[in-house]
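Letter by letter, the chains look like this.
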Amino acid sequence: MTENVDRETYSAARVRALESLLIEKGIITSETVDKVIDFFEKDMGPFNGARIVAKAWIDPAFKERLLADTPSAIAEMSFPRGMAGAEGENMAAVANTPDVHNLIVCTMCSCYPWPVLGLPPYWFKDPTFRARAIREPRKVLKEFGLDVSESVEVKVWDTSAQIRWFVLLERPEGTEGWTEEQLAAIVTPESMQGAARVVVPA
Amino acid sequence: MKLQHYIGGIEGLEPSSFEKKVFVQPWEERIFGIHVAMMGLSNHLEAVESVPTKFSSFWTWGHLRQGAEGMNPFDYFKYRYYEKWLGGISGFFIESGYVTEEELSTKTAAYLANLDAPLQSGGEPAIDEQIIEYLRVGDSPACDVEAQSKFKVGDTVTVRNPPPVDHCKLPGYLRTKKGVVDEVYEGTYNYYFLTGDGVGDPMPIYNVVFDSHDIWEGITEPNTKIYVQIFEGYLEDPE
C-alpha cells in the first residue's frame, strides 16, 4: 500500500483504476457496475422478502406452501423475473415458533438469499459474527437487542452448500387487521435472518 | 490447517458489530459489481459464448473463495470483506494477463491525484445484458445425474477430516463430529470445480443436525442445534 495515503482513499482509487482498465480492455462496459447495483436497488432486495413474510402472516395456506416448497410459493407472487436467479437457485424458509428461534449464519463466508434479501449487510459478513453466532447465538443476539430464553430452542443454520435460508418470523402482536403492505413495511432484513425482532410502531 | 476454514467457534472475540449497511465505504460497491460481472461472464456459462467481452476466464464464488482461503491467515483478519475482494480480484486480473501491475499502479496514482476523474466510457451493451441475465437465471449446482444416497433420515453420520485444500466447503468445527441426518435433499449437486477433498462431482447433499454440546461441550449454550447442509463426500458411517 502506498505510504501516506489513507487506506480508504487508496482503495477507492485502486478500484476505480481497475474498473477503468476493465472498460478500456473490453471486459466490462462503463455501465456495468451501475447496472448491477441498480438491479439490487430495484429488483432484488429485502423488499421482496418483506412481502413474502407479510403474505405468509395473512394467508396461512400460503405459509404452509412456503415452508413446504419455498421456490414454488414465491413463484405464485408477482415479482420481477429472477426469483430463482443468482444466489436464489435453492432458497428455503424456516419458521420461528413460540418454541423455536432460527438464526442464519455463513461461518465460511457470506452466503445469502439474494432475490429475497438482496445483499448481505456488514454484520452478517463480519468474521466476529460468523465465529460467535454458531457457538453462542443467544449471547450475540442479546447484544443485537434480541433476548431468546434458554427454554426456546435455537436452531443455527450454517449455510455451506446449496440452500440459501431466510427466516419466517412470527407475526408481532399489535398488528391485527393490518394490510399486507403495512406488515411488509415493518419487516427488516435482520429479522429475516433471525437476528432481530420487528418493531411495531406505537 | 487453514485458519480461514475454522472461523466458526473461535473464542476470545469482542462483541459483534451490528452495522446494517451493505457497503460501508462507497468504493466497495464498485468491486462488488466487478465480481458479479466476472461471474456473469465466466466461460463455463453457455450463454457467454456469443457475448462480445474480452473476458475469457472461469470465475465463480469458488475462485473468489479460493483466493481468500489462500491468504496469509493473519492478513485475512486485517482486511475488511471487500478489501479482500479488491486484493483478490485485482491480483487475478494481473496474474491472468488482462492488465499489468504497472498499468494498475499508474492508473491508481492518477485517480489518487483526482478521484473524480471520469472513467473510460463505452462498451458493448450485450455484455451488460448477459450479466443481468445471469443474475436473473443464476447458476444452479443441481444436476441431472442420479445417484443412490448413502444415508437416510435418522442415520448418525461422522464428518470426515480430509487434509486441507485450496478451497474447502466443510466448516472446520464439524470435522470428526457426529450428527444426525435431518433431510436428504432430492437430486444431486456439483460444485464449480473439484475441490480435491471429495467435493465437486454430482452427489447428494444432506441436512445434518448437530447438538452444539457435541461440538463445543461446556462452552456453548443449552438447547442449541446446528444445522448444516453437507455434501456426501464429507460424510462417512460412524465406526
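Rules used throughout
- Residues numbered from 1 in each chain as written.
- Chains lettered and ligands numbered in written order.
- Predicted model: local features only at pLDDT ≥ 70, side-chain atom pairs only at ≥ 80, totals over all residues.
- Heavy atoms only, no water.
- Core = buried A, V, L, I, M, F, W, Y, C linked by side-chain atoms within 4.5 Å.
- Buried < 20%, exposed > 50% of the residue type's maximum accessible area, 1.4 Å probe, protein only.
- Contact = heavy atoms within 4.5 Å.
- Domains from an automatic or database assignment.
- Buried area = accessible area lost by both parts, 1.4 Å probe.
- Salt bridge = Lys/Arg side-chain N within 4 Å of Asp/Glu carboxyl O.
- 1 Å grid on protein atoms, 1.4 Å probe; cavity = no way out; pocket = protein on both sides within 12 Å on 5 of 7 lines; lining within 4 Å.
- Points joined across faces, edges and corners; volume = space filled by probe spheres on them.
- Nonpolar A, V, L, I, M, F, W, Y, C, P; charged D, E, K, R; others polar.
- Pairing = 2+ DSSP bridges.
- Helix = DSSP H or I, 4+ residues; strand = E, 2+ residues; numbered from the N terminus.
- Disulfide = S-S within 2.5 Å.
- Polar contact = N/O pair within 3.5 Å; in protein donor to acceptor, adjacent residues only side chain to side chain.

Draft legend 1. Highlighting the nonpolar core. Ranked by size, the top nonpolar core spans 137 residues in total, and within it Trp 114 of chain A together with Phe 32, Ile 34 and Phe 93 of chain B carry the most contacts. Apart from the residues lying within four places of it in its own chain, the contact partners of Trp 114 of chain A are Phe 40, Met 44, Gly 45, Ala 86, Glu 87, Leu 119 and Pro 120 of chain A together with Phe 32, Val 36, Met 39, Trp 61 and Leu 135 of chain B.

Draft legend 2. Quick peek at the domain arrangement of chain B. Residue and element names in this part refer to chain B. When the domains of chain B are assigned, the result is domain 1 (3–139) and domain 2 (143–236). When each unit is reduced to the centre of its C-alpha atoms, the spacing between domain 1 and domain 2 is 28 Å. Opposite the 14 residues of domain 1 that make contact, domain 2 presents 14 residues. The junction of domain 1 with domain 2 conceals about 1200 Å² of combined surface from both sides, 59% of it contributed by carbon and sulfur atoms. Of all residues in domain 1, His 5, Tyr 6 and Gln 66 bury the most surface against domain 2, accounting for 40% of the area lost on that side. In this assembly, domain 1 and domain 2 are joined by zero salt bridges.

Draft legend 3. Spatial organisation of empty space enclosed by the protein. Residues and elements named next belong to chain B. Applying the stated criterion across every chain yields a total of three cavities of 30 Å³ or more. Each pocket or cavity is described by its volume, and for the largest cavity that value is around 40 Å³. In this structure, the largest cavity is lined by Met 39, His 44, Trp 59, Thr 60, Trp 61, Tyr 134, Asp 139 and Tyr 192. Partitioned by chemical class, the residues of the lining of the largest cavity number five nonpolar, two polar and one charged.

Draft legend 4. Molecular detail of the pairing of strand β2 (residues 156–159) of chain B. Residue and element names in this part refer to chain B. Across three bridges, the pairing between β2 and strand β3 (residues 178–184) is antiparallel. For Val 157, the partnering residue across the bridge sits in β3 and is Gly 179. Both β2 and strand β7 (residues 235–236) contribute to a ladder of two bridges, which runs antiparallel. By the bridge assignment, Thr 158 is partnered in β7 with Glu 236.

Draft legend 5. Examining the pattern of salt bridges more closely. With the rule as written, the count across this model stands at 26 salt bridges over all chains. Among the ionic pairs, Glu 133 of chain B bridges to Arg 81 of chain A, the shortest N-O distance being 2.7 Å. Of this pair, Glu 133 of chain B sits in helix α6 (residues 125–137) while Arg 81 of chain A sits in the loop between α5 (70–76) and β1 (91–95), on two different chains. Taking the shortest distance from any N to any O, the salt bridge between Glu 87 of chain A and Arg 164 of chain A comes out at 2.7 Å. Taken as a pair, Glu 87 of chain A in the loop between α5 and β1 and Arg 164 of chain A in strand β4 (residues 164–168) lie far apart in primary sequence, 77 residues in all. The residues Glu 87 of chain A and Arg 164 of chain A share a single accessibility class, namely buried. Within this structure, Arg 132, Arg 135, Glu 136, Lys 139 and Glu 143 of chain A form a network of salt bridges that share partners.

Draft legend 6. Examining the state of the cysteines more closely. The final tally for this structure, using the stated rule, is zero disulfides over all chains. Free cysteine Cys 143 of chain B: the closest other cysteine sulfur is in Cys 111 of chain A, separated by 17 Å. You can call Cys 143 of chain B buried: its relative accessible area is 19%. Distance from the sulfur of Cys 168 of chain B, which forms no disulfide, to the nearest cysteine sulfur (Cys 106 of chain A) is 13 Å. Owing to a relative accessible area of 2%, Cys 168 of chain B belongs among the buried residues under this scheme.

Draft legend 7. Broad picture of the interface of chain A and chain B. Taken together, the contact pairs 90 residues of chain A with 103 residues of chain B. Both sides together, the interface formed by chain A and chain B hides about 8700 Å², and carbon and sulfur atoms give 61% of it. If you look at where chain A meets chain B, you find 12 salt bridges. Where Glu 19 of chain A meets Arg 30 of chain B, a salt bridge forms, and the shortest distance between an N and an O atom there is 2.8 Å. In this structure, the connection of chain A to chain B is made through 51 residue pairs in polar contact (both at pLDDT 80 or more). Mapped by element, the contributors of at least two residues to the side of chain A that touches chain B are α1 (7–24), α2 (32–42), α7 (122–125), α8 (127–133), α9 (137–143) and β3 (153–158) of chain A. Looking at which element gives the most residues to the side of chain A that touches chain B, the answer is α1 of chain A, with 18 residues.

Draft legend 8. Quick peek at the domain arrangement of chain A. Domain boundaries assigned for chain A yield domain 1 (7–40) and domain 2 (44–193). Taken over C-alpha atoms, the centre of domain 1 of chain A sits 31 Å from the centre of domain 2 of chain A.

Draft legend 9. Up close: the side chain of Thr 32 of chain A. Within the secondary structure, Thr 32 of chain A is located in helix α2. Reaching out from Thr 32 of chain A, the side chain makes a polar contact with the backbone nitrogen of Thr 29 of chain A at a distance of 2.8 Å. With residues up to four places along the chain from it excluded, the contact list for Thr 32 of chain A reads Ala 37, Asp 128 and Ile 131 of chain B.

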